[in-house]
Structure formats: structure tokens, C-alpha cells
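Each chain, written out:
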4 protein chains.
Amino acid sequence: MIRVGIIGATGYAGQELVRLLAGHREAEIVWYGSKNQTDREYSRIFQNLFQIADDKCRDEDMAALASIADVIFTATPQGYCASAVTEEILGKAKVIDLSADFRLKDPHVYSQWYGMEHRGSAFLGEAVYGLCEWNRELIRSARLTANPGCYPTCTILAIAPLLKEKLLEPDSIIVDAKSGTSGAGRQASADHLFCEVNENMKAYKVGSHRHTPEIEEQLSRAAGEPIRVTFTPHLAPMNRGILVTAYGKLREGVKEEAVREAYEKYYSSEKFIRLLRTGEYPQTKWVEGSNFADIQFEIDERTGKVIMMGAIDNLVKGAAGQAVQNMNLMFGLEETEGLKAVPMFP
Amino acid sequence: MIRVGIIGATGYAGQELVRLLAGHREAEIVWYGSKNQTDREYSRIFQNLFQIADDKCRDEDMAALASIADVIFTATPQGYCASAVTEEILGKAKVIDLSADFRLKDPHVYSQWYGMEHRGSAFLGEAVYGLCEWNRELIRSARLTANPGCYPTCTILAIAPLLKEKLLEPDSIIVDAKSGTSGAGRQASADHLFCEVNENMKAYKVGSHRHTPEIEEQLSRAAGEPIRVTFTPHLAPMNRGILVTAYGKLREGVKEEAVREAYEKYYSSEKFIRLLRTGEYPQTKWVEGSNFADIQFEIDERTGKVIMMGAIDNLVKGAAGQAVQNMNLMFGLEETEGLKAVPMFP
Amino acid sequence: MIRVGIIGATGYAGQELVRLLAGHREAEIVWYGSKNQTDREYSRIFQNLFQIADDKCRDEDMAALASIADVIFTATPQGYCASAVTEEILGKAKVIDLSADFRLKDPHVYSQWYGMEHRGSAFLGEAVYGLCEWNRELIRSARLTANPGCYPTCTILAIAPLLKEKLLEPDSIIVDAKSGTSGAGRQASADHLFCEVNENMKAYKVGSHRHTPEIEEQLSRAAGEPIRVTFTPHLAPMNRGILVTAYGKLREGVKEEAVREAYEKYYSSEKFIRLLRTGEYPQTKWVEGSNFADIQFEIDERTGKVIMMGAIDNLVKGAAGQAVQNMNLMFGLEETEGLKAVPMFP
Amino acid sequence: MIRVGIIGATGYAGQELVRLLAGHREAEIVWYGSKNQTDREYSRIFQNLFQIADDKCRDEDMAALASIADVIFTATPQGYCASAVTEEILGKAKVIDLSADFRLKDPHVYSQWYGMEHRGSAFLGEAVYGLCEWNRELIRSARLTANPGCYPTCTILAIAPLLKEKLLEPDSIIVDAKSGTSGAGRQASADHLFCEVNENMKAYKVGSHRHTPEIEEQLSRAAGEPIRVTFTPHLAPMNRGILVTAYGKLREGVKEEAVREAYEKYYSSEKFIRLLRTGEYPQTKWVEGSNFADIQFEIDERTGKVIMMGAIDNLVKGAAGQAVQNMNLMFGLEETEGLKAVPMFP
């Protein structure tokens, strides 16, 4: 059994890790780390896990945890993992960081968008960007994996094949994303009270969301040239789910067939990516609770634009599920272990 | 592998059976029966099951199905199963009926509440009421199991121990139940449009809901004397979940300790019933997607009443999950097989 | 024009007062009092009021406010109004208190349920309980009105006629209430985050909610004898609305006709109470945004119980709307002024 | 008093007309026309209007209605108004059509997008597109007004000033719109059941929604050159509200100041358009129930794009409210009469 430690276990992503790992046949959780809830039974905080995860929470001592765990998940605020990880820790345990600390290769870009200095830049070189479908081989041998952000996961999966195949005008990409509210975390905040979110839609951080450079870095890699995107996140009145509607201008002469083939080339054998049938569009509800990313496109012949759509569960493929998928790769397990749940509907 | 046929596979309960059985290691679905969607791929209707259940729907020919299946689930409107089941069918396959046809022993009570004659009364005698925690041994040997209604499941689980132990005044019971909207089924109806249900609460069928005699029959069995209840169902703006708040007058001299012991006597070793810790109340979200029934009580010393609370997922423990639990019992499998999912939160 | 000051203007009830008074032809707000938002433009907090209420917030100096206002609404935490109100203030301005401070006549009951000493008990005698339909004449001449709680308003309106007419067994009353989440206020709290409330139902403060003694005091007045009730509040995943489902045992021989006549006797000429037509039940959506209380009953002949149902908008008839109705009475205005909005559907 | 007849009074837009007109001081409804509910009391269908609109529904005989009404609102399916309107009717009563029949000037474009021949093309010439802020003077003297679609209203208001002022590259416009479910109407349909919409986001009719040519026709008028847009509507889990996030490429050298000035030039004196303060974005909740359109923009310097945002209540400014605004203009009343309601929050 793989011994798992979670730091930041009492946030939504941390809880989702616990939920998923409860059904994983090769892993057991040995440490529920929490800054504020130390010594409280985990299931007192998340009553869904009563009689399933009743251990007491422990602190966030990563070094101590590294001595007893094979893998450490950090579902922590930005800056924690970068400052806590050491060579000694990585020598003992693999680390999968669900924060943004190791997603961007350039520490200056990091400090520019995250407003803090990067305190673990020595490890930026070896850290692998854990988008399994695009980096599988690197992940297999990684000690430190940067689990992608929720918006980037859905966005990159929806767009990258067309950039890789040079089907899009590189400066034409617009990403309009809609997220459920669990993406905002479990911190008490008036903005995320039920009454403020329910029956409401809004854009936020327009032109300035921190996931922008992460999307751009990965899309640039796929395109082989620098890509900039206009990215607008929206808050939707639902718990889970990200829907990305992305727009790009097709290069002169690109036909529907080429677009379809691009998606099939990269995804037709992927277990967690479902290229939908003609006439079907991604809906967040159809992937809820699962690690699937549903993808579809439509071409607007009148304007020469392609509309690229993707839906994921932000807490699963967008966070904890992908983290488990990364763990499976890093430990040589079946990639789908612990991730076979069928999406829950309705 | 147990070969499973589902009649009425395209309703919400039918779909939930498919979702749960997709994770069951001993069962495979061989027949997706549907009255209106014959020959359409199942996953066209429920896109969450794309690449998981892509078989075409078939008709509802129960006799034909009996020849190829080991067990038949009927998730059909009232009257279908009673009129379709035959000795020949039961000789070939076990039947688990999710409709109300075999829940009430007296066909006159059935016709009075359901407004139709009972056309399968010959089988009423052998049919077993499939509330696993109370009828486990009978279910193991049943050919025909009447899967309980959603409201009755939650209500009986919450109240029966206190009646069994003679702790309640028998004529004092009031059941105030709140249900998610999936309980209303998938038929198109203006009353259940998003805009009519969202941001709304209402009682319906006050004093006349068909689950009343079912609750009364089972509570009478537990009490050993006739029990009548006032039952008020409510529609809540959520997809899933039933919350039952039941009220009873404690018999003279009954103390909290006796109430607690009654629950523990019947449920402390039950896998799917969680007696909550002091200070915790059932919440539908804490059981969502799982087969758990969470139960708690509180005594109002000022009035001598006990408030008995239960929460289930109406589509799981209140329908498809309990049906799978019944199948497991009827086929000698581990009772929890296919039902180990952790409740999904948030 | 009546000059209105609001203390506690930045909570949900305070905001609702501003919304309603914006449409009131005889009142103007001169003071938006806020403990934490002093000097911030009011419409920065509640953007719905942009270009409607752009004044800056002021502090909560009730004495200063009394010098420039004709009426002061206190939409403040328990304890504030009791400690702030003085004879001098009441000599200058009328006070309508939306907190619980002056709802209970007995300061010991207050301290028992609210956990604090009553610091304004000198004014308990003159304070009038502002349930307009039952106390209209006293309110007209009041200087200090205790605006009823949201649950009590709906509960008392639904039950009082039957107690007044001696139709119910006095010890039989059970109140099962469901509330929208705005009732919990605007304080940031993890329990009321969107993700914790959405797709969830729960009971809370079972047998111990502070509105219990308020309900009992008023029902006892109506009955002419001491009444105790079992009261269970529930949190529902919606912004607004309270639905009360109350249960009582009819006295021997009481018929439906008598029950109907009791409601008609007290309410048939009331502007804000709608006795629904046979077959129609109260739904919170049908009163949303309005000052209406919709009321209906049903008799369960099988058990001898009457089910009494009421629906209000907790922020209007359950708080700010009733407060404006009280103001109208206290200033001799038309009772419906500023309160004519039709419920918003869907 | 203006005598108002409504054809199609039992849909959501029709009901919203009734709700708004109930608060209009110069209008009274004399005819609640309904195809399916003739002779049923209107408030039996919409219980929020009990004791407010209890008249019985009548049929949809437009000619008969024209004899007793001053103005006829048609909130009917496409094709009805075009086939029903006659010179004789327009000689007696003004007509405000909430359907799409008279929004497009070219009947061939109409038949192409709406799949039916235009049967009232004789009146296309005189029909005025009823977007009040852009066509006010024409509306004042119109006999036949085409009330704009919900998506076009929000989209055009957000984009037109920048096109009018030549600030945008004309071929760069992308419109990503999110709508509440009331936009889908009140027809029973499985797709719009609560359980299918709740906790879900999806795009629909991608590249093919009927509002596309309407948006393009009006934007082309504003731009003085042909404009094509990529338009993607989304269904959001809320009752009301449209949020438009539109994207355009700024022409070389255009600065933020110029963009702001363009909006102010056209809207600073508009009563129903609120140009939000810096740092504030439109949210559908902030306009709910009101006739406001909230507008903001943000420039993404990195990509040279401007993000234009607008929020309206689809049933008010996007349908019935704008229809009343049109009526006010056509009858020389104060433009805001009946439309002064403050947005409801929360």
C-alpha cells in the first residue's frame, strides 16, 4: 500500500483527495494535515466521511510527514509548498503539489502574477507539469509534480490539439470559462455566501486571473511559438464543474475534418477524455464527480471561428482526481485506479 | 457474473441503477429496457454514461428478458410489474420491483391509494418488503422483492426502533419530509421545470400521499399494533436527498438513554446506517450519492416530544442503491458490493 | 416626508429596508448606519442600489440619529437596541427594532434564551409586539415597536386563529419550518457558503431555537392559556422564503367548516394575508419579494390532525416589509404604502 | 388609463408583463389572452397574482381585442404576430410584439433562421426595432414595435457604442452569453426540468442561435458597415438574468479613455443603463427584477482586446420591462413609469 499524506486536507480539494483515495485499492492515508484543525477528527469537519475517515487531523510538518509517507499531496495556499519542500523531503517521498507553486517555469512570472517571491526555485527545473495526457512519460519518473490548475486543465485539453497541429491563428484565442463555486475554496467570505452566489452570474478578475500565464505557457509549448490568450473566468451558481468555451480563428483553409482528426490524434485512446458525438456538447453535469474531460468543437463557418468546448469537474480532473492520476503514474499503477467512478446524474 | 435486466432504464431510478451497477464487480447489464427509447443508444439519453453504457435500449418484454437475465429490476410506473410478472418469469429470474406494486400486502389498500386494481395479487403473499435492515433474512431467499419507497425508507429507518422498543405513544407520530426533485421523475411537467422549483419550497399531497399506507404498514409491524401517521411531503430545490423530521410523544418516563439504546440495538452493526454523534444532525448533502442513511434524534424536554431525523439519497438508499443491496442479499454476495461510494461533498 | 434612519443598514434586513423605502412615497432615508462600513458609499456594498442609494454609510450613534430622524430602524444584533435606546431618544424619534430585544415581555426568559442580560428592561412594558394583523391598534400609538421574528411571523399567522377560536388541543402543536438562507444573515461563515448550503437540507437548533419563546408567548396570548410548541427550523437551499408546516390535534368534533371560518374571521379583510383557494398550498416562490403571507390548511381525517401552512418572504413580511408596515401604522399612513410590489415569479 | 391586451399571457414573459403592469399607474389589463387556458382564472396559473389578477383568461382573437384595447402585447411563438396583424388592427390599437416576427428587416433572413415564411412582410417596413436607448424617437411614433430579443438587448447595449465610435475591428467580435432558464419558456420539456438544469452549465445552439442575425443587423447599423459576430449562448442554473461577455479587438491606438467616453456619450443620461464604477463588474443578481442594464468594460492590454460586459434581467429589460418602456414611449408617458422597481437582492 502506498502511504499517503495530505497537507491542507481540510479544504475542498483536500477533502476530495480523501474521498477519492477512500476508493483506491493501493493507497491509504496516513496523515490528514491541517493548519487550523489539528487534533480534531477529520470526519467532524466533513461529515460525509463519518465512519470512513475518523482519524484526527495533524499539523503541516512536511519533513516529519516525509518520514512516514510515500507521497505527499499539498493542497495548500500559494507559497507553502515552494517554501517547505527540500531535497531531503524529495529524497524520501514524492510530492504532488496542487497549488500553483511549481506550475510556471519562470520564477519572475510567478512573482509577477502571484505577488510573492518564489522560495523554492531550485526545484522548478525538475518539477513536472502534471497534465497527464500531455506529459505522461515525464510524470512517470517525477519526484515533484505540479498538479495543473482547474481552468488550465480544461482549457489546455480543449485547445492544445489544434495548436499542436497548427490549425489556429496563434493570436486569436479567447477563453471564456465558467466555474462552480467550490473553486473558490472553503474560506469564509461574504462573496461566496449562498445568497451572494445563488441566482447570480458574474465575471471576475477579467484580464488578470493567475491561471492566465499557466495556460499560456502550456499552449505555447503545444504551439511551438508564444501564445497569448484573453482569459475571462466566471462564477456560476453551482458547486462543481468548469465549462470552457474557447474561441480561435482557423487558419486559412482548415476544414472540419482536420479539426476532428487533431482531437482524435491526441485523445482517441485516452481513458479520461471523451470526444463527444456530433450534436452533443459538454455539460458540467455529465462529468460531475468523475475524472472525465468531455470535449467538443463547432465551426462557425460564417466567421471562420472554431468554438472549442470542454467540461470537467473542477475538484476531480481539475484538482484531486488529476492528482491521483499523477500518483498512479508516478507509482506505476494502473492510471485509472481509484478514478473509475461514473459521473453522477442528476 | 449476474446478468441484470432493467425495465424502465430511462427514468432517474433506472439510470441510477446503471450508474451503480457500472461499479459492481459481480453484475453486468444485459438489457436496458425502455418503452419510448427502444433502439436508441442508452448513453444518448444519459450522456454521463457515454463510453460506459453505449448499448441500445430494448423494449420492455419481461418474459423475453427473463430468459437471458438472472435478475430483473423494474423501475416502472405503478401497475406494470403487477401485471407483467408471472410464475414462469419468477421461475427463471429474480425480480426486484422498484415500483409500489408489491409493497402493500392488502390489494384493497393498494387500489384505494393507487387508484387501480392490483393485477398480480397472486404474488403478494410471497413478495418480500425489501428494507434490508429490517427484513434481511427474508430477502435472502426471496424471488420477488418489493423495493421500498424513498420516503418510507427514510421514515421507517428513523422511527421503527423506537416503536419496536415501545418508547413512543402510538398515535402521536407526525412525519414531515423534504425531498429533492429527482423523486418526481423525469417526465416533462411544467411543475418540475427549473424555474418553478428553484428558489421554492412547498408541501404537496398533504394528508394524501401514496407512501402513507406503506409507512403505516411497516411501522405497525415494528410496533406490533396499528400505527397511523400524519405524513407531509415537501418539494425542495435540490436534485437529490430526502430529509425526514419525524415527531413522536415519548411514553411516560422514557429517557434519552433508552432512545439511544434503541437505535444502537438495531443499527450499531449496520453498514449503511450511521447513528450520528451528539450535536450532529443529518444533512442530505452528507449522504449524497451514497447508500447511507444518517440518523439522529433530539428530545425536546419541554414538550416531551422526540424529534427523529433521517437523511438519505432518494435515488440510492431510497431507490437504486437499496435495490442493489437487495440483489446482493438475494444472490449471496457481500451486501456492500457496488455500494461503497463515499458521499460526494460539496 | 418621514425622515428614516437605519442602524445596521448593511445586513440583509437593512438592505431590504433600503430597497423597500426606495419605493415609499412618504419616507426618505437620512442615515445609513453601519458599524464596519462607515464612510463607504452604501451602493458599493449593495450594487443593486447603485444610483439609488449612493450616500455614504455613517456610524451607529443612535442619539445623534434621533435628532434628525422621525423613525429609527434597528436591524442589529441582539442586545444593541436594548442597550442603546433611552427615554430621550424615544422622545425624539419612534423606534422599530428588528432584533429580538423587545419581543419577549419577561427579561428572564430573554436572558435564558439569548444568553445575555436585558439592558433595556425599563422599556419592555411599553414596547409593542409589531405583528400588525394582531396588534394593529397598539402599534398605531407605539413609540417602540418590536418587529417580530421571521419564523414567529409565519408561525403565528398560521396558527393563532385556531387557538383563538379554541379549535386545537393546546399541547399538540408542532411547528416544522423551512427557511431560505438569507435568514442567517450576511456574516461570512463557512456553514453558509454556497457549496455548503446548495443541494442540502438540514434541521438546526432542534428544540433550542430562540424563536421558540416568542412563538409561545404570542400563541399563549391568542389561546388565553399557556401554549408550548415543538419547533424545528430547517435550512433550505434558497435565498428567500419561509415555509411553515404546523400540526395540531383538532378538538373533538371540530369540522373543516369551523377551521375555515376561523381563518376568515381574522384574515378575510387583511391586505397582506391571502387565504388560498381549495387545492392550493403556500409556496415560498409565490410570495417572494412581497409582504404577503399565504395561508392554507388541510385536515387529515385519518389522524384528526390539522396541517396549517404558511409562506412568507422572510426578508419582507418576516423582517423589513413588516417593519415598514409598522412604520405606516405608527405614522398614520396607508398601511400598504411602499409594500405594493407583486411577488416576483419565476 | 391605457387599456392593455396581452396575447400569450400565460408564458413567463406574459406573466412578467402582468406583474409589471400591476404597478403601472396609467395602464390596466383588459384581456389575458391564452391559447390553452381560456376561461381559467389567470391567478390559478400564476398564484403570485392571486387577488391581483383574478380575471379569466380569454382566447387569442387579436381582431376582437383590438376593438377594446389601446395597445396589444404579443408574447407569442414566432409566426403568430406576423400572421395575425392587419392594417385594421393597427388602425385601432398599437402593437408591441415580443416575438421575433418584426425584428429583422429582411424576410428572407427571417425565413432562413426561423424556418418559416414571413406572413406579415407588408408591415416590416413600418415596424420599429424597440431598443429604446437607440431608437427612442422612432418608437415614439410607431404603431408596431418589435421588442428586441433578450440576448440582443444585452449584447447590443454592451457593444454598440464602441462600434458607433469606430473603436473596434469590425470582424473581431465574439459574444459569449449566459442566460437563466426562464429564457427557455414555460413549455414542459425534459431538458429544462430542475434536475437537468440545476448544478449544470452548457452551451447550446453554438453558431446557430436565432438571435445572431438580430444582433448583427443592429450592430451593423451602429457600425455603418456589415458586422458578423460569433455568438454562443449558454444555459445557467438560475431563473433570471443574462450576462454577456463580449470580446473585440481594439483598433490600433485606441485607449481606455476613448472607450469610456464612448459609453458615456450614449448612456450617461440613460435612466436604465448603469455604467458601473471602476472595479465593479455586472452581476445578474444586481439587476434582478429591474429594467436596468449594468455595463462595464475591461481592456486586456496584453492582447489588445476589450472585454465588454453587460447584465440584464432577461424577463424585464430583455422582454416585458422593455415592452412596457416601449409602451410608455409610444403613449407619451414618463419612460420609467411602472419600471421603478429596485433590483431585488439577495
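Residues numbered from 1 in each chain as written. Chains lettered and ligands numbered in written order. Predicted model: local features only at pLDDT ≥ 70, side-chain atom pairs only at ≥ 80, totals over all residues. Heavy atoms only, no water.

**Description of the relation of the copies chain B and chain D**
Consideration 1: Expressed as a screw transformation, the operator carrying chain B onto chain D has a rotation angle of 180° and an axial translation of 0.0 Å, and the superposed copies differ by an RMSD of 0.0 Å. In short, the pair behaves as if placed about a two-fold rotation axis.
Consideration 2: Of all interface residues in chain B, 100% are interface residues in chain D too; the two copies therefore contact each other through one and the same surface. (Least-squares fit on C-alpha atoms with pLDDT ≥ 70 in both. Contact = heavy atoms within 4.5 Å.)

**Topic: the nonpolar core**
Consideration 1: One finds Val4(B), Phe73(B), Val4(D) and Phe73(D) to be the most contacted residues of the largest nonpolar core, which totals 94 residues.
Consideration 2: Among residues more than four places away in sequence, those in contact with Val4(D) are Leu21(D), Ala27(D), Glu28(D), Ile29(D), Val30(D), Trp31(D), Ala69(D), Val71(D), Phe73(D) and Met327(D).
Consideration 3: Of all hydrophobic cores here, the second largest spans 92 residues; its members include Tyr12(A), Leu193(A), Cys195(A) and Val197(A). (Core = buried A, V, L, I, M, F, W, Y, C linked by side-chain atoms within 4.5 Å. Buried < 20%, exposed > 50% of the residue type's maximum accessible area, 1.4 Å probe, protein only.)

**A look at the confidence of the model for chain A**
Consideration 1: In the predicted model, chain A carries a mean pLDDT of 98, and the fraction of residues at 70 or more is 100%.
Consideration 2: The complex prediction reports pTM at 0.98, with the ipTM value standing at 0.97. (pLDDT = per-residue confidence, 0-100.)

**Topic: a positive patch on the surface**
Consideration 1: A cluster of basic residues, Lys105(A), Lys164(A), Lys166(A) and Arg221(A), forms a positive patch at the surface.
Consideration 2: Here Arg221(A) lies in helix H10 (residues 211-223). (Patch = residues over 30% accessible without salt bridge, like charges linked within 9 Å, V, L, I, M, F, W, Y side chains within 5 Å. Areas by Shrake-Rupley, 256 points an atom, 1.4 Å probe, with all protein chains shown as cover. Salt bridge = Lys/Arg side-chain N within 4 Å of Asp/Glu carboxyl O. Lys, Arg positive; Asp, Glu negative; His and termini not counted. Charge placed at Lys NZ, Arg CZ, Asp CG, Glu CD. Helix = DSSP H or I, 4+ residues; strand = E, 2+ residues; numbered from the N terminus.)

**Regarding the interface of chain B and chain D**
Consideration 1: Residue-level contacts link 19 residues of chain B with 19 residues of chain D.
Consideration 2: A combined buried area of about 1,600 Å² lies between chain B and chain D, and 60% of that area is made up of carbon and sulfur atoms.
Consideration 3: Taken as a group, Leu193(B), Phe194(B) and Cys195(B) account for 40% of the area that chain B buries against chain D, more than any other trio of residues on that side.
Consideration 4: Linking chain B to chain D there are eight residue pairs in polar contact (both at pLDDT 80 or more).
Consideration 5: Among the residues making up the side of chain B that touches chain D, the classes are represented as nine nonpolar, eight polar and two charged. (Buried area = accessible area lost by both parts, 1.4 Å probe. Polar contact = N/O pair within 3.5 Å; in protein donor to acceptor, adjacent residues only side chain to side chain. Nonpolar A, V, L, I, M, F, W, Y, C, P; charged D, E, K, R; others polar.)

**Considerations on the side chain of Asn147(B)**
Residue and element names in this part refer to chain B.
Consideration 1: Within the fold, Asn147 resides in the loop between strand S6 (144-146) and helix H8 (150-164).
Consideration 2: For Asn147, a relative accessible area of 0% puts it in the buried group.
Consideration 3: Apart from the residues within four sequence positions on either side, Asn147 is in contact with Ile96, Asp97, Leu98, Ser99, Arg103, Ala319, Gln322, Ala323 and Asn326.

**Section: the sheet that holds strand S3 (residues 71-74) of chain B**
Residue and element names in this part refer to chain B.
Consideration 1: Ordered in space as S2-S1-S3-S4-S6-S5, the six strands form an open sheet in which the pairing is parallel. Lying at the two open borders of the sheet, with one neighbouring strand each, are strand S2 (27-33) and strand S5 (128-129).
Consideration 2: Sheet topology places S3 next to strand S4 (residues 94-97); four bridges connect them, and they run parallel. Residue pairing across strands places Thr74 opposite Asp97, the latter belonging to S4. (Pairing = 2+ DSSP bridges.)

**Describing the packing of aromatic side chains**
Residues and elements named next belong to chain C.
Consideration 1: Across all of its chains, the model carries 50 aromatic pairs over all chains by this definition.
Consideration 2: On the numbers, 6.2 Å between centres and 90° between planes, the contact of Trp134 with Tyr267 is edge-to-face. Note that Trp134 is positioned in helix H7 (residues 132-140) and Tyr267 in helix H11 (residues 256-267), a separation of 133 residues in sequence.
Consideration 3: A relative accessible area of 23% means that Trp134 is categorised as partly exposed.
Consideration 4: Residue Tyr267 is classed as buried on the basis of its relative accessible area, which comes to 1%. (Phe/Tyr/Trp six-rings, centres within 6.5 Å; stacked < 30°, edge-to-face > 60°.)

**Section: the sheet that holds strand S5 (residues 128-129) of chain C**
Consideration 1: Pairing is parallel in the open sheet, where six strands are placed in the order S2-S1-S3-S4-S6-S5 (chain C). The open sheet terminates on both sides in strands that have one partner only, identified here as strand S2 (27-33) and S5 of chain C.

**Looking at the packing of helix H8 (residues 150-164) of chain C against H11(C)**
Residues and elements named next belong to chain C.
Consideration 1: Contact pair H8 / H11: the axes reach a minimum separation of 9 Å and the direction vectors enclose 110°. As the angle between them shows, H8 and H11 are arranged roughly perpendicular. As H8 packs across H11, the resulting crossing turns out to be right-handed. For the pair H8 and H11, contact is made by Ile156, Leu157, Ala158, Pro161, Leu162 and Lys164 and by Val259, Ala262, Tyr263, Tyr266 and Tyr267, respectively.
Consideration 2: When the residues that make up the contact of H8 with H11 are grouped by side-chain class, the tally is ten nonpolar, no polar and one charged. (Axes fitted to C-alpha atoms, helices over the stretch in contact; angles between N-to-C directions. Parallel < 35°, antiparallel > 145°, perpendicular 65-115°, else oblique. Left-handed = near helix turned anticlockwise from the far one by under 90°.)

**Quick look at helix H1 (residues 12-21) of chain D**
Consideration 1: Of all ten residues in H1(D), ten are buried, a share of seventy percent or more.
Consideration 2: Every buried residue belonging to H1(D) is among Tyr12(D), Ala13(D), Gly14(D), Gln15(D), Glu16(D), Leu17(D), Val18(D), Arg19(D), Leu20(D) and Leu21(D), and all of these are buried.
Consideration 3: Considering only its buried residues, H1(D) is in contact with helix H9 (194-197) of chain B together with strand S1 (2-7), strand S2 (27-33), helix H2 (42-45), strand S3 (71-74) and helix H12 (316-330) of chain D.

**Describing the pairing of strand S7 (residues 174-179) of chain D**
On a regular strand, one side chain projects to one face of the sheet and the next to the other, so that they alternate.
All names here are of chain D.
Consideration 1: For S7, the tally of buried residues reaches six of six residues, placing the bulk of the element in the interior.
Consideration 2: Burial along S7 is two-sided: Ile174, Asp176 and Lys178 and Val175, Ala177 and Ser179, pointing in opposite directions, are all buried.
Consideration 3: Here S7 pairs with strand S9 (residues 230-235) via six bridges, running parallel. Along S9, the bridge assignment pairs Ser179 with Leu235.
Consideration 4: As paired strands, S7 and strand S10 (residues 242-249) are joined by six bridges and run antiparallel to one another. Residue pairing in the sheet places Ile174 in a bridge with Tyr247 of S10.

**Some details on the interface of chain A and chain D**
Consideration 1: In this complex, chain A contributes 48 residues to the contact, which on the side of chain D involves 48 residues.
Consideration 2: Taken together, the two surfaces of chain A and chain D that pack against each other cover about 4,000 Å², and 56% of this comes from carbon and sulfur.
Consideration 3: Area buried by chain A at its contact with chain D is led by Glu199(A), Met201(A) and Arg302(A), which between them contribute 19% of it.
Consideration 4: Our count for the contact surface shared by chain A and chain D stands at four salt bridges.
Consideration 5: One salt bridge connects Lys178(A) with Asp176(D), and the closest N-O pair in it is separated by 3.1 Å.

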